[in-house]
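Residue-level listing of the chains:
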Amino acid sequence: MLTTILPDVYQLRLPLPFALNHVNVYLLRDPQGWTVVDTGLHTPVIEAAWQEAWTALNLDPAQIHTIVLTHFHPDHFGMAGWLHHHSGARVLLAPREIELAQNVWVQRADHDDPSLRHFLRHGMPADLVNKVVGAIAELRAATRPHPPLTPLPPGSRLTMGGRTFVTIHAPGHSDGQLIFYAADERLALVGDQVLLKITPHIGVWPESEPDPLRKYLASLAELATLKVDLALPGHGKPITEWETRISELQVHHHERLAAMLAAVRSGADTAFAVAQRVFDVERFTPHEARFAIAETIAHLEMMVVDGLLQRHDDELVQYTA
């Protein structure tokens, strides 16, 4: 579904084969052509959706001069190589996100995915772990072909749709995620850092930098100081009550920390056991289950750093209060 957001700014809602069933990408027009922000997961359905959007906008793919990726996750990164092939556009991504994309999508083979050991050590049953690793392999395939990537450092200024945006490092959801802020219009393209109806995933993965939840909460505190009238997210509807939504996300994570601390105090001693107390894991797909466990680890690890929990790091990672 293609929607006009502002003059020369369009939102394209692309389908995803998950419970979170769509991703938003953005097309911004200027006298030189078009900039695309995020791209979708590479599937035949999304290829067709892009071609329909080009027709609706009377857009020749060769007019796309820049593809900007907020972060390396497959629903944002996946179509970048396909779009680059059709347009010849440069593909911009934060330096840390380039490292992650190379590690997770390009260099890592399906048979030696470190997620296998990561989730086993945190108590996930082996049969579920095998399904999770299989789901990750399917996602890896949906990022091909891989585009050449040009580093976009935080703090850079970028002209998109005739507007000047500053790139802001917004970690937590992904280590090097960038969002884009146009102060003159109080407009932000916020990737997956702030979402309206759901909470962005903050998880610990084999490749993650330490303590992502602390970094996420610090990022939210910084972002709350920006004057934003309209925030365009990677999923869901636009955000018009910026400070209110950030406050809701902060409250959510403090409540989740308290719930997980209570679970450990009542005897749940692995991330999987804690997740079973907090989420309806048994009803989750493998895709949803891996996010639930990774998010649980992020909350537990923050409490370890704060001295509220102890981490016992043997073959099985256990937590005690």
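Caption draft 1: Molecular detail of the overall build of the protein. When helices and strands are counted, the protein shows 10 helices and 14 strands. C-alpha extents for the protein along the principal axes are approximately 60 × 45 × 30 Å. Counting all 321 residues of the protein, 56% fall into the buried class. For the protein, the proportion of contacts with a sequence separation of at least 24, taken over those separated by at least 6, is 64%. Computing the positive centroid from 25 side-chain charges and the negative centroid from 37, the protein places the two 2 Å apart.

Caption draft 2: Just the side chain of His 201, in detail. Relative to the assigned elements, His 201 resides in the loop between strand 11 (187-191) and helix 7 (212-223). Setting aside chain neighbours within four positions, we find His 201 in contact with His 173, Phe 291, Ala 294 and Glu 295.

Caption draft 3: Quick look at helix 4 (residues 95-107). At Ala 101, helix 4 is deflected by roughly 25 degrees, the largest bend along its length. Buried within helix 4 are the following residues: Glu 97, Ile 98, Leu 100, Ala 101, Val 104 and Trp 105. Lining the buried residues of helix 4 we find helix 2 (74-77), strand 6 (90-93), helix 6 (126-141) and strand 7 (150-151).

Caption draft 4: Region of interest: the environment of Leu 149. By secondary structure assignment, the location of Leu 149 is in the loop between helix 6 and strand 7. For the pair formed by Leu 149 and Val 25, sequence separation is 124 residues and the distance between their alpha carbons is 18 Å. Discounting chain neighbours no more than four positions away, the residues touching Leu 149 are Leu 69, Phe 77, Val 91, Leu 93, Ile 98 and Ala 101.

Caption draft 5: Fine view of the sheet that holds strand 7. Spatially, the seven strands line up as an open sheet ordered 1-2-3-4-5-6-7, and their pairing is mixed. Where the open sheet ends on each side, the last strands, each with one partner, are strand 1 (2-6) and strand 7. Pairing analysis gives five bridges linking strand 3 (residues 22-30) to strand 4 (residues 33-37), with the strands arranged antiparallel. Directly across from Tyr 26, in strand 4, lies its bridge partner Val 37. Those strands touched by helix 1 (residues 44-56) are strand 1, strand 2 (9-15), strand 3, strand 4 and strand 5 (64-68), and its axis lies near 155 degrees from that of strand 2.

Caption draft 6: How the structure looks around the pattern of salt bridges. A complete count under the given rule lists 19 salt bridges for this structure. Among the salt bridges present, the one from Lys 215 reaches Glu 209, with a minimum N-O distance of 3.2 Å. Since its relative accessible area comes to 30%, Glu 209 is described here as partly exposed. Residues Asp 306 and Arg 214 are paired through a salt bridge, measuring 2.8 Å at the closest nitrogen-oxygen approach. Here Asp 306 is found in the loop between helix 10 (286-305) and strand 13 (310-313), whereas its partner Arg 214 is found in helix 7, with 92 residues between them in sequence. The class for Asp 306 is partly exposed, based on a relative accessible area of 42%. Through salt bridges with shared partners, a single network forms among Arg 96, Glu 99, Asp 175, Glu 209 and Lys 215.

Caption draft 7: Representation of the packing of aromatic side chains. Within this structure, the stated rule accounts for seven aromatic pairs. A centroid spacing of 5.8 Å and a plane angle of 45 degrees characterise the contact between Tyr 10 and Trp 34, whose relative ring orientation is tilted. One end of the pair, Tyr 10, is in strand 2; the other, Trp 34, is in strand 4, and 24 residues separate them in sequence. In terms of burial, Tyr 10 and Trp 34 fall into one category: buried.

Caption draft 8: Seen up close, the packing of helix 7 against helix 10. The interhelical angle for the contact between helix 7 and helix 10, taken along N-to-C directions, is 90 degrees, at an axis separation of 7 Å. If you check the angle between helix 7 and helix 10, you find them roughly perpendicular. Mapping the contact onto sequence places Pro 212, Leu 213, Arg 214 and Leu 217 in helix 7 and Ala 298, His 299, Met 302 and Val 305 in helix 10.

Caption draft 9: Broad picture of helix 1. With 13 residues, helix 1 should cover 18 Å at 1.5 Å per step; its first-to-last C-alpha distance of 19 Å lies within 8% of that length. If you follow the buried residues of helix 1, they end up packed against strand 1, strand 2, strand 3, strand 4, strand 5 and helix 3 (80-87). Following helix 1 by one or two positions, Asn 58 adopts a phi angle in the positive range, close to 50 degrees.

Caption draft 10: Geometry of the nonpolar core. Judged by nonpolar contacts, the single largest core of 54 residues is most densely connected at Met 124, Leu 213, Trp 242, Ile 293 and Leu 300. For this core, the elements supplying multiple residues, two or more each, are helix 6, strand 10 (178-182), strand 11, helix 7, helix 8 (242-265), helix 9 (271-278), helix 10 and strand 14 (317-320).

Caption draft 11: Region of the structure containing the sheet that holds strand 12 (residues 230-233). One open sheet holds the five strands; their spatial order is 8-9-10-11-12, and the pairing between them is mixed. Each having just a single partner strand, strand 8 (157-160) and strand 12 make up the two edges of the open sheet. Taking each pair of neighbouring strands and ignoring which way they run, the sheet shows an average axis angle of 30 degrees. Of the pairings in the sheet, the one linking strand 11 to strand 12 comprises four bridges and is parallel in character. For Ala 188, the partnering residue across the bridge sits in strand 12 and is Ala 231.

Caption draft 12: Local environment of the packing of helix 7 against helix 8. The interhelical angle for the contact between helix 7 and helix 8, taken along N-to-C directions, is 155 degrees, at an axis separation of 10 Å. Taken together, the axes of helix 7 and helix 8 lie roughly antiparallel to each other. The handedness of the crossing between helix 7 and helix 8 comes out as left-handed. Between helix 7, through Leu 213, Tyr 216, Leu 217, Leu 220, Ala 221 and Leu 223, and helix 8, the contact on the second element is made entirely by Trp 242, Ile 246, Leu 249, Gln 250, His 253, His 254 and Leu 257. For the contact of helix 7 with helix 8, the class distribution of residues is 10 nonpolar, three polar and no charged.

What counts as what
- Residues numbered from 1 in each chain as written.
- Predicted model: local features only at pLDDT ≥ 70, side-chain atom pairs only at ≥ 80, totals over all residues.
- Heavy atoms only, no water.
- Helix = DSSP H or I, 4+ residues; strand = E, 2+ residues; numbered from the N terminus.
- Buried < 20%, exposed > 50% of the residue type's maximum accessible area, 1.4 Å probe, protein only.
- Contact = heavy atoms within 4.5 Å.
- Lys, Arg positive; Asp, Glu negative; His and termini not counted.
- Charge placed at Lys NZ, Arg CZ, Asp CG, Glu CD.
- Bend = angle between axes of the 7 residues up to and from the residue.
- Pairing = 2+ DSSP bridges.
- Axes fitted to C-alpha atoms, helices over the stretch in contact; angles between N-to-C directions.
- Salt bridge = Lys/Arg side-chain N within 4 Å of Asp/Glu carboxyl O.
- Phe/Tyr/Trp six-rings, centres within 6.5 Å; stacked < 30°, edge-to-face > 60°.
- Parallel < 35°, antiparallel > 145°, perpendicular 65-115°, else oblique.
- Expected span 1.5 Å × (residues − 1).
- Core = buried A, V, L, I, M, F, W, Y, C linked by side-chain atoms within 4.5 Å.
- Left-handed = near helix turned anticlockwise from the far one by under 90°.
- Nonpolar A, V, L, I, M, F, W, Y, C, P; charged D, E, K, R; others polar.

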